[in-house]
Each structure stands twice: as C-alpha cells, then as structure tokens.
Amino acid sequence: MNALGEIISIMSKDDKSAFIKHLNNKNKRKDTLNTDLFKLLETDDINIKKKLYGTSKNTDAYHALRKRVYDSLISFMANRSFESNTDDEHEITRLLMVSRVFFEHKLYKEAFKCLTKAESKAFATEHFSLLNEIYQTQIQFAHFDPSFNLDKAIAGFTANNKKLRNEEQLNLAYAVMRRELGEIYHKGKITDIQQLITGTMKSFGISLREVLTFKSLYQMLFIANEYASINSNYSLIEPFLERSYRFIITRQELAQKHLYYHIYILYFMGNIHFRNRRFTLCSEYLQMMASEMQKQNKKYYSRFIARYYLLHLLNENYCGNGETTLAIMTKALTETKKADPTDRNDLIFFAVIYWLQHNNAREARRYMREFIHSDSWYEKRMGMDWAIKRSLVEIVMHTELEDTELALSRLKGFKRRYKKYLREVNEERVLVYAALVEKYILDKSVAQNDTFKKQLDLLTKHAITESGDVFVLSFIGWLLATVHKKQVYPTILSLINNHFSPFHSA
C-alpha cells in the first residue's frame, strides 16, 4: 500500500466525509478529479488511472493529481486532529496560542489568565516542554502587569528547565539504545547490552531518580524488557520492576493524563511477571490493562488489543488452561486480522506453538504456512531472536510430522545460518539443544544412551537454574516429552513448575 492509501486506511467514516466536503469547498472548477480519486482509493480499485482518464495516457497528470490530494489530506488531517483533540496537551497549546493573540491586542489581563490556566494543566501533566514555553511567555510580557510575580515565574522556569533538560537527555539516551537494539535484533549485531545501558545513561549524565515520569518509565521498561529478552533471563530486572510498581501506585492521579504510557507500562509489568512465571500477578496486570484500554472512548484499544491478546494467551496457556486458551486464541485471530503485521505474526506463531504443545502438528503446519517470507525477511522485520525461535519450532513441527528429511534439512540450514551468531552472543546452549534434537531425529534409540541422557539432563538443569525462562523451558520440555514418550503440554507445565524429573520412568 502506498502512502496515500495508508493514510486513507486509518481514517474514520466521519473523517472521509469531512475531507470530501473540504475538497468540494476548495474546488473552483467542476472538472477537478480530486474527489473522484479519493473515492476510488477508498475501494482499492486497481484501475484508477483508466477510470479517471479513460484510454489516454495521462501519467504526469495522474501523479500531479495524487500529489495535490496527498498534500490536501495531510493539511486536513493536521487541522482536524488539532480541532477535535480535547486532551490536555492540545488544550494547553490552545491556551498558549490564545494568550499570545491577546498580548498582541494588548488584552494583558486575559492573556495572563490563559497562561495561568495553561501552567496549571501543564504542571499537573508533567509536560515540561510546554511549561518551558509558558514560563518564557510569562516572563517576556511580565512588565505589562505590575502585580505579576516575576520572581515566582523565574523560579518555576529554572526548576522546570532542569526537568526539561533531564527529559531531553533521557530521550537522547533512549534513541541511542533503541538504535542499538535495532542493530542487535534485526542485523545480528553483537553488543554487551548491559554495558550499553549503563554506558549510555552515564554518558548523558542521567539519574533515573530525577527523571522518572510515566513516559520515562515506559522508555526504561521497554529497554529493560529487551535486555531481559535478549538474555532470556527476566530475573535480571527484578529490582527495576519493584521500583516501577512503587512509582505506579504513588502516581495514580496522573495515570489518566498519560493513558498511552500507562497502558504500555502495565503491559511491560505483566510481561515481566509472565516471563518470571508469576502467572497470577501477570493476570492482575492484564485485567488492569484491559480496563485502561476501555477508557477515553477506547482511544488506544486498537493499538494494544493484539499485544493484550498475545500476553493473555501465553499466560493462560502456561497456567495450564488449555481449553480456555483455545477459545481466546480463536477470538484473537478473528479480531486482529487488520492488526500491525508484527503483532499479527506473534499471534500466528503462538497458534503454531499451541497446536504443537497439544499434539496436533497438522494444525500447527496450517498456521506455519502463513509465514511465507524468507529467514532474512523475518530477521529484519521481527528480529533475530524471533527468527531463530521460528526456525526451531519449524524443526520441531517437521519432527512431529515425521518428515525426517525435511527436519534434518531445516536443522542443517539452521546451523549454517545461526551457528556463528549464537556463539558470538554466548548462546551455545541453543546449539547444544539443536545437536540433541538432531541426534534424536537420526536415531530414536539414542534416548536410551547414557551420554545423551546426561547431556539433556544437564541442559535442563541449566535452563531451570540460570533463567527459568518459559520459552526456553518449552523447547526443552518438548524434547523431554518426545524422547520419554510423554505428553508434551503436561511435561512443559511440570518443567515450568519445577516438578519434572527427566529420567524417571514413565
């Protein structure tokens, strides 16, 4: 989809009707084709040019028309967003703009009233950049009102300026870390992530004690989640999790002012608890997240629903509620057909995993077939970690389907593609796991071999003691169940709850 089509796809019916009316009001000639083009673009018609210009080849005219409609649409959406938006940021901006108009017309009393109201709203929502503009405007025009407390305004400006600088430094650090994470996830760059975080924070002179707001907490939780994900060890960020919880419960009065970040924070908190196998706590955060998604006329519902469903499915599945998980999964896959492709891929991937855990490899293959792109595409779009997991799950699926040649072929390709990378990021355990799977595929009787048993036992113990990560244990759980002729899903649940004794007789 092109840029113009993408913008149209996010417009509501009211937006579209208003835009057509806007175009008609602008049109001075009756033969203008801008509204015709817009209506055709709405329908995804592939013969737009022919319907507009007939058989004549008017390529230049067509592209010029598209450009005019695109520019009009950008201007319209910007104005409509500003006019219709009633959140605090827009209200503060309006008050600031009106105050400047009043100053220009020497309505000083009214101007200062607007600034006082704007200051109160900006201070309550911790909007430091707007506060900076408000204080500067107050100070600039202070000489017009002898009763205005200039010293208070200067003190407010000074204190706020420090907070603004801290926020700006944190934004710079966050941008640097996000760029590095992108290099790690999508290009396989080798980076010491812990050193990256501490080094970046230090280089920008940042102290979280001075900058912790809903926005900064979201930024830090994002980085913390990525750090733990890369290491498959969410216990590493426990101290930060506890601090985040304390922040939320002491700032509830601001939560609705920062709803977007609040929902994201609840998601991150729930995800961390899930990965640390605290499923009840995860469920509590999911309930809070679902409640917040309904607020402000479900303003952020579509933005978060796919993520909510994914975490909800994972939590229910690993709680042992297999039937409930299936019902939720069916609903989630239906409701999120137009979700962000990344989130949609995650849900489809869960469906593959679910059916493999519940002994239905044929159904798993049905969903796996939806992944039509190359390994390289998924590495760039979904990340190296996701692409590696998908390759391993595909090997598991072919093994379950008894497609021995295909499973071995995928294993060979997996080692060729990821062996060097996994060694460089100190994830040799993945290679050990792949080697054990290969041995089993080649010769099922290897399960009785003492050396094989010891290797699998050691890998299992390390996975439990070093991280206890749900996803790592799921892969090992499948292999344990397969070699010992046990059911996969109960074996994984036992392993996650540390009740599984690998080499006891069935």
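**Q** How should I be thinking about the overall build of the protein in this particular structure?
**A** Looking only at helices and strands, the protein features 28 helices and zero strands. In the protein, buried positions account for 49% of the 506 residues. Sequence separation of 24 or more characterises 63% of the internal contacts of the protein that already satisfy a separation of 6 or more. Entry remark: accessible area of the protein is about 26,700 Å², with carbon and sulfur atoms responsible for 51%.

**Q** Just checking my understanding: could you explain the environment of Ser374 for this structure?
**A** Structurally, Ser374 can be placed in the loop between helix 21 (361–368) and helix 22 (375–382). Among the residues examined, Ser374 registers a relative accessible area of 42% and is labelled partly exposed. Taking C-alpha positions, Ser374 is 9.8 Å from Ala387, a pair spaced 13 residues apart along the chain.

**Q** Whenever I open this one, the side chain of Arg390 confuses me. Can you help?
**A** In this structure, Arg390 sits in helix 23 (residues 384–400). In this structure Arg390 touches Phe349, Met368, Phe371, His373, Asp375 and Tyr378, once residues within four positions along its chain are discounted.

**Q** Can you walk me through the packing of helix 20 (residues 341–357) against helix 23 in this structure?
**A** Each packed pair of helices is defined by two parameters, the angle between the axes and the distance between the axes. Helix 23 packs onto helix 20 with a crossing angle of 30° between their chain directions and a minimal axis gap of 11 Å. Regarding the angle of helix 20 to helix 23, the classification is roughly parallel. Along this stretch, helix 20 crosses helix 23, giving a crossing that reads as left-handed. Of helix 23, the residues touching helix 20 (which contributes Asn345, Asp346, Phe349, Val352, Ile353 and Leu356) are Trp386, Lys389, Arg390, Val393, Val396, Met397 and Glu400.

**Q** Would you mind showing me how to read the packing of aromatic side chains here?
**A** Think of a pair of aromatic rings as described by two things: how far the centres are apart, and how the planes are tilted against each other in angle. Tallied over the entire structure, the rule returns 30 aromatic pairs. Ring centres of Phe19 and Phe76 lie 5.2 Å apart, and the angle between their planes is 55°; on these two criteria the pair is classed as tilted. One end of the pair, Phe19, is in helix 2 (residues 13–26); the other, Phe76, is in helix 5 (residues 59–84), and 57 residues separate them in sequence. Here Phe19 matches Phe76 in class, with each residue buried. With a centroid separation of 5.7 Å and 85° between ring planes, the pair formed by Phe371 and Tyr378 is classed as edge-to-face. There is no split in this pair, since Phe371 and Tyr378 are both buried. Cation over ring: Arg303 sits above Phe304, and NZ or CZ is 5.5 Å from the ring centre. Its end group placed over the ring of Tyr367, Arg366 keeps NZ or CZ at 4.6 Å from the ring centre.

**Q** Is there a simple way to think about the environment of Lys461 in this case?
**A** Here Lys461 shows up in helix 26 (residues 450–466). On the accessibility criterion, Lys461 (48% relative accessible area) is partly exposed. Sequence spacing of Lys461 and Asn498 is 37 residues, and the spatial spacing of their C-alpha atoms is 10.0 Å.

**Q** What should I look at first to understand the confidence of the model for the protein in this one?
**A** Any segment with low pLDDT has predicted coordinates that should not be analysed in fine detail. Averaged over every residue, the pLDDT of the protein is 83; the share at 70 or more is 84%. Mean pLDDT values over the elements of the protein span from 57, in helix 11 (residues 208–211), up to 96, in helix 21. Low pLDDT, under 50, characterises residues 502–506; the stretch is placed with 11 contacts to residues that sit more than four places away or in other chains.

What counts and what doesn't
- Residues numbered from 1 in each chain as written.
- Predicted model: local features only at pLDDT ≥ 70, side-chain atom pairs only at ≥ 80, totals over all residues.
- Heavy atoms only, no water.
- Helix = DSSP H or I, 4+ residues; strand = E, 2+ residues; numbered from the N terminus.
- Buried < 20%, exposed > 50% of the residue type's maximum accessible area, 1.4 Å probe, protein only.
- Contact = heavy atoms within 4.5 Å.
- Areas by Shrake-Rupley, 256 points an atom, 1.4 Å probe, with all protein chains shown as cover.
- Axes fitted to C-alpha atoms, helices over the stretch in contact; angles between N-to-C directions.
- Parallel < 35°, antiparallel > 145°, perpendicular 65-115°, else oblique.
- Left-handed = near helix turned anticlockwise from the far one by under 90°.
- Phe/Tyr/Trp six-rings, centres within 6.5 Å; stacked < 30°, edge-to-face > 60°.
- Lys NZ or Arg CZ within 6 Å of the ring centre and 35° of its normal.
- pLDDT = per-residue confidence, 0-100.

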